[in-house]
Amino acid sequence: MLLSDQEKQDIRRTWRLVEQAALMETATELFYQNLFETHPEYRSQFPEDMSGQVRKLAKTLDFAVKTLNWDSGDWKEGEMDAQSDLFLILTAMGRRHKKVYTVGNDQYGPVGASLLHALDLGLGQVFTPEVKAAWTKLYMLIAGTMQLGAIMLTPEDRKQGVRQ
Amino acid sequence: VNSPLNGPPNRPNRVVEPIFQADAAQTDLPTALQLMSGLSRNRFLVQALDAGEQLLGEIEVKGGMVLRAQVGGLQGREAVFALLHLRPQTLSASHVQDGDLGEPLGSLERLLMEGAVVIDELARPNEEPPAPLADLPELDAVETASAVPPQSVAQAPASADARSGRAPSSGWLPLALGAGLLLLISLIFRKRG
């Protein structure tokens, strides 16, 4: 499941293209359009005005890609605080999505499919099978971490006697 | 969970901050390690706990590398393989700050693959092991050492925990099982050599 250096490079390169072509918000709009077409039952979980949601998703993806700016040889460096750690941020998002937005594990698959669909439309020929595989793996890491966040107990939960 | 084992290293500047616990029935150790290591370069300690929250084993990862692992008397790569074979009740993860990285045991991805091979061989002990994979030469170089005699395993009674496939809740049985695992892993490596 770990991303290879080549896959990270593919993700960073194609995300730069999305940025350069000012496609970031268009891609996220395409994403939500596809998601609500294929799964209209999810629409009620989102606000009426989707502009804020589109910006949030674009920002999250942008942060995820830019945080993965390291290759396997850089493992010794890069200690960061919890507020900047992608793993910890995603587990917190996963908890919030489960508790506040009641997002279930079964929803991560359709969301991933819509994300890949939007990237495919936005990137065209650049979205090769290798690039698609890299983005798929990144999405699996993101979704897996959010799902882990949804089931985990934090030290605060344990203090308050919350059980799994 | 404080480690009653030989580690983790007791250094004054080492800070271990718990971040979460998760029911091991809802996730598993390789998945948790890959998610942490795949998305972060911070250093994480993951401990496998039994139903009584006793420590079965632990592993530290950073940025895709395994820094250390321990199960009972096992340390190093063998401990990684033994950890993958355990069935803990709970996984407990902490963020670790420790300037001393030491020499890593290897990449997480590679050790998980090697561990899968070892576990596969453990599952069919009566068959001849397959020829060593050409791209895994260092497996043959793993040193094996056990302070626990093999009869400890033979004398271990079958508990309800063991029959149910869950992690045992008493303190000595994990050590006996660890010793058994060590013995089996040693036999595999000897056959390969």
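Residues numbered from 1 in each chain as written. Chains lettered and ligands numbered in written order. Predicted model: local features only at pLDDT ≥ 70, side-chain atom pairs only at ≥ 80, totals over all residues. Heavy atoms only, no water.

1. Some thoughts on the overall build of chain B
Operational definition: Each helix corresponds to a stretch of at least 4 residues labelled H or I by DSSP, and each strand to a stretch of at least 2 residues labelled E; elements are numbered beginning at the N terminus. Buried, partly exposed and exposed residues are distinguished by accessible area as a fraction of the type maximum, computed with a 1.4 Å probe on protein chains only: under 20%, between the cut-offs, and over 50%, respectively. Contacts were defined at the residue level, with two residues in contact if any of their heavy atoms lie within 4.5 Å. Reported accessibility uses the Shrake-Rupley method at a 1.4 Å probe radius. Residues are deemed covered only where the shown protein chains occlude them.
Per the secondary structure count, chain B includes six helices and seven strands. What you see in chain B, going N to C, is helices and strands ordered as β-α-β-β-β-β-α-β-β-α-α-α-α. Taken over 193 residues, chain B has a buried fraction of 51%. For chain B, restricting intrachain contacts to residue pairs at least 6 apart in sequence, the fraction spanning at least 24 positions comes to 73%. Per element, the accessible surface of chain B, about 8900 Å² overall, is 53% carbon and sulfur.

2. Thoughts on the pairing of strand S6 (residues 90-97) of chain B
All names here are of chain B. The following threshold applies: Here, a strand pair is defined by DSSP locating no fewer than two bridges between the strands.
Buried residues dominate S6, accounting for seven of its eight residues. Taken together, the eight bridges between strand S1 (residues 15-23) and S6 define a ladder with antiparallel strand orientation. Bridge pairing in S6 links Phe20 to Ala93.

3. Section: the side chain of Arg77 of chain B
The test is simple: The term polar contact refers here to a pair of N or O atoms within 3.5 Å; inside protein, the definition further demands a hydrogen-donor-capable atom paired with an acceptor-capable atom, and it admits residues adjacent in sequence only when both atoms are side-chain atoms.
For Arg77 of chain B, the position within the fold is in helix H2 (residues 77-85). Reaching out from Arg77 of chain B, the side chain makes a polar contact with the side chain of Glu114 of chain B at a distance of 2.6 Å.

4. Some remarks on helix H5 (residues 108-123) of chain A
All names here are of chain A. Inclusion rule: Between the first and last residue of a helix there are one fewer steps than residues, each counted as 1.5 Å, and that sum is the expected span.
Under the 1.5 Å per step criterion, the end-to-end length of H5 is 22 Å for 16 residues, consistent within 8% with the ideal 22 Å. Among all positions in H5, only Tyr108, Pro110, Gly112, Ser114, Leu115, Leu116, Ala118, Leu119 and Leu123 are buried. Against the buried residues of H5 lie helix H1 (5-20), helix H2 (24-38), helix H3 (51-67), helix H4 (86-99) and helix H6 (129-151).

5. Considerations on the interface of chain B and chain A
Going by this rule: Summed over both partners, the accessible area (1.4 Å probe) lost when two parts come together is defined as the buried area. Salt bridge, as applied in this entry: a Lys or Arg side-chain nitrogen positioned within 4 Å of an Asp or Glu carboxyl oxygen.
Between chain B and chain A, the residue contacts involve 31 residues of the former and 30 residues of the latter. Approximately 2900 Å² of surface area, both sides summed, lies buried where chain B meets chain A, with 63% of it carried by carbon and sulfur atoms. Of all residues in chain B, Leu35, Leu39 and Arg41 of chain B give up the largest surface area on contact with chain A, accounting jointly for 29% of the area buried on that side. Our enumeration of links across chain B and chain A arrives at two salt bridges.

6. A few points about H1 of chain A
All names here are of chain A. Its 16 residues give H1 an end-to-end C-alpha distance of 22 Å, which sits within 8% of 22 Å, the value for a rise of 1.5 Å per residue. Among all positions of H1, only Glu7, Lys8, Asp10, Ile11, Arg12, Thr14, Trp15 and Val18 are buried. Buried-residue contacts for H1 involve H2, H3, H5 and H6. Just downstream of H1, Ala22 is the residue with a positive phi angle, here 50°.

7. Description of the nonpolar core
Rules: Residues belong to a common nonpolar core when they are buried Ala, Val, Leu, Ile, Met, Phe, Trp, Tyr or Cys residues joined through side-chain atoms within 4.5 Å.
Counting 78 residues, the largest nonpolar core has Phe87, Trp135 and Leu138 of chain A together with Phe20 and Ile59 of chain B as its most contacted members. Ranked by residues supplied to this core, first place goes to H6 of chain A with 11 residues. Setting aside residues no more than four positions away along its own chain, Trp135 of chain A makes contact with Ile11, Thr14, Trp15, Leu61, Val65, Leu116, Leu119 and Phe127 of chain A.

8. Overview of the pattern of salt bridges
Side chains that carry opposite charge are capable of pairing whenever their charged atoms lie near each other. Applying the stated criterion across every chain, the model contains 15 salt bridges over all chains. Across the pair Lys66 of chain A and Glu19 of chain A runs a salt bridge, and its minimum N-O distance is 2.5 Å. On the criterion of sequence distance, the pair formed by Lys66 of chain A in helix H3 and Glu19 of chain A in helix H1 is long-range, its members being 47 residues apart. Its salt-bridge partner being Arg110 of chain B, residue Glu114 of chain B comes within 3.3 Å of it at the nearest N-O pair. Taken as a pair, Glu114 of chain B and Arg110 of chain B lie in helix H3 (residues 108-123) at a separation of four residues, close to a single helical turn. For Glu114 of chain B, a relative accessible area of 0% gives the class buried. The network of salt bridges with common partners includes Arg14, Arg43, Glu58, Glu60, Arg68 and Asp98 of chain B.

9. What about the confidence of the model for chain A?
To keep things clear, this is the line we draw: The pLDDT value expresses, per residue, how confident the predictor is, ranging between 0 and 100.
Considering every residue of chain A, the mean pLDDT works out to 89; 99% of them sit at 70 or more. Within chain A, helix H7 (residues 155-159) of chain A has the poorest average pLDDT of any element, 83, and H6 of chain A the best, 95.

10. Quick word on the environment of Asn42 of chain B
Considering the arrangement of structural elements, one finds Asn42 of chain B in the loop between helix H1 (29-39) and strand S2 (43-49). Remark: the alpha-carbon pair of Asn42 of chain B and Gly64 of chain B, spanning 22 residues in sequence, is separated by 10.0 Å. The contacts of Asn42 of chain B, once residues within four sequence positions are left out, are Gly78, Glu79, Met80 and Asp85 of chain A together with Val61, Lys62, Gly63 and His95 of chain B. A polar side-chain atom of Asn42 of chain B sits 2.6 Å from a polar atom in the side chain of Asp85 of chain A.

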